[in-house]
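Below, each chain spelled out in residue letters.
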Amino acid sequence: MTGRPKSEGRPPMLPWRRPWWLLVLLAMLGFGLLQEQSKIKVNHYLKVGDEAQFWQDDAGSRLAWWKDHAPVGRHNFYVSRSTWNVFHGLDRGELVAFKWGLSAVILVVFFMLDVLFLRTAGVPDRVPWLLLIYVTSGVPMVGLALSSPGWPWYALARDMLGFLQSPLPSLMVVAIPWMLQSLDPPSVS
């Protein structure tokens, strides 16, 4: 086989001369860890509240109960017994609304970080691809509103939400065209 290697003359996938994208990626990862801990705290409080049936109690009683009786919450590698004190003053409906609002805010922040990542990676023209990924992934997320935990549609919707709340969408928008370009045969001069 003659000709130059495919990688010769091809720019790197991400610009290393100005690696601002690396800071954005680190911010995405850090924010991802924080948002995951936040959602776990909300879900743990909802689960414990349903099991203990303390939703009708006042904030002070719930706080005292929590300090004395709250079980340890375990979710993958997150282990916690603590919660946010603001939860004790919310009824179940308000906490569920808070959970949905938090998810929406997290999704918007991740979208903004994805757009920033594309800009710092030198491919701001690919934002429409990112929008397409968000819209396509958003369709199954309707399952969050139309199903209950344990249902297959709900599990798919949660996976799609988790995907969007990660660096994966913008990394795909950068990596896939770069990989496809590497499959092109070298031009013959």
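Since this is a predicted model, take the numbers as computed values, not measurements. (Residues numbered from 1 in each chain as written. Predicted model: local features only at pLDDT ≥ 70, side-chain atom pairs only at ≥ 80, totals over all residues. Heavy atoms only, no water.)

Enquirer: Got a sec to walk through the pattern of salt bridges? Specific residues and values, please.
Expert: Counting across every chain of the model gives 1 salt bridge. Here aspartate 50 and arginine 92 are joined by a salt bridge, their closest N and O atoms 2.7 Å apart. Of this pair, aspartate 50 sits in helix α1 (residues 20-52) while arginine 92 sits in helix α3 (residues 92-120), placing them 42 residues apart in sequence. (Salt bridge = Lys/Arg side-chain N within 4 Å of Asp/Glu carboxyl O. Helix = DSSP H or I, 4+ residues; strand = E, 2+ residues; numbered from the N terminus.)

Enquirer: Account for α1, with residues named and values stated.
Expert: The terminal C-alpha atoms of α1, which comprises 33 residues, lie 48 Å apart, in line with the 48 Å expected from a rise of 1.5 Å per residue. In the stretch just after α1, glutamine 53 is the one whose phi turns positive, near 55 degrees. (Expected span 1.5 Å × (residues − 1).)

Enquirer: Residues and numbers for the layout of surface pockets, please.
Expert: Taken as a whole, the largest pocket holds about 1,000 Å³ of empty space. Forming the boundary of the largest pocket are 39 residues, of which Lys39, Asn43, Lys99, Tyr154 and Arg158 lie nearest the centre. Among the elements of the structure, α1, β1 (73-75), α3 and α6 (152-164) are those that each provide at least two residues to the lining of the largest pocket. Considering every element that reaches the lining of the largest pocket, the biggest residue donor is α1, with 15 residues. (1 Å grid on protein atoms, 1.4 Å probe; cavity = no way out; pocket = protein on both sides within 12 Å on 5 of 7 lines; lining within 4 Å. Points joined across faces, edges and corners; volume = space filled by probe spheres on them.)

Enquirer: Before we move on, could you go through the environment of tryptophan 129 and cite the residues and values that matter?
Expert: Its location among the elements puts tryptophan 129 in helix α4 (residues 127-138). Residues tryptophan 129 and serine 170, spaced 41 residues apart in sequence, show a C-alpha to C-alpha distance of 9.1 Å. The residues touching tryptophan 129, leaving out its near neighbours within four places in the chain, are Val173 and Pro177. (Contact = heavy atoms within 4.5 Å.)

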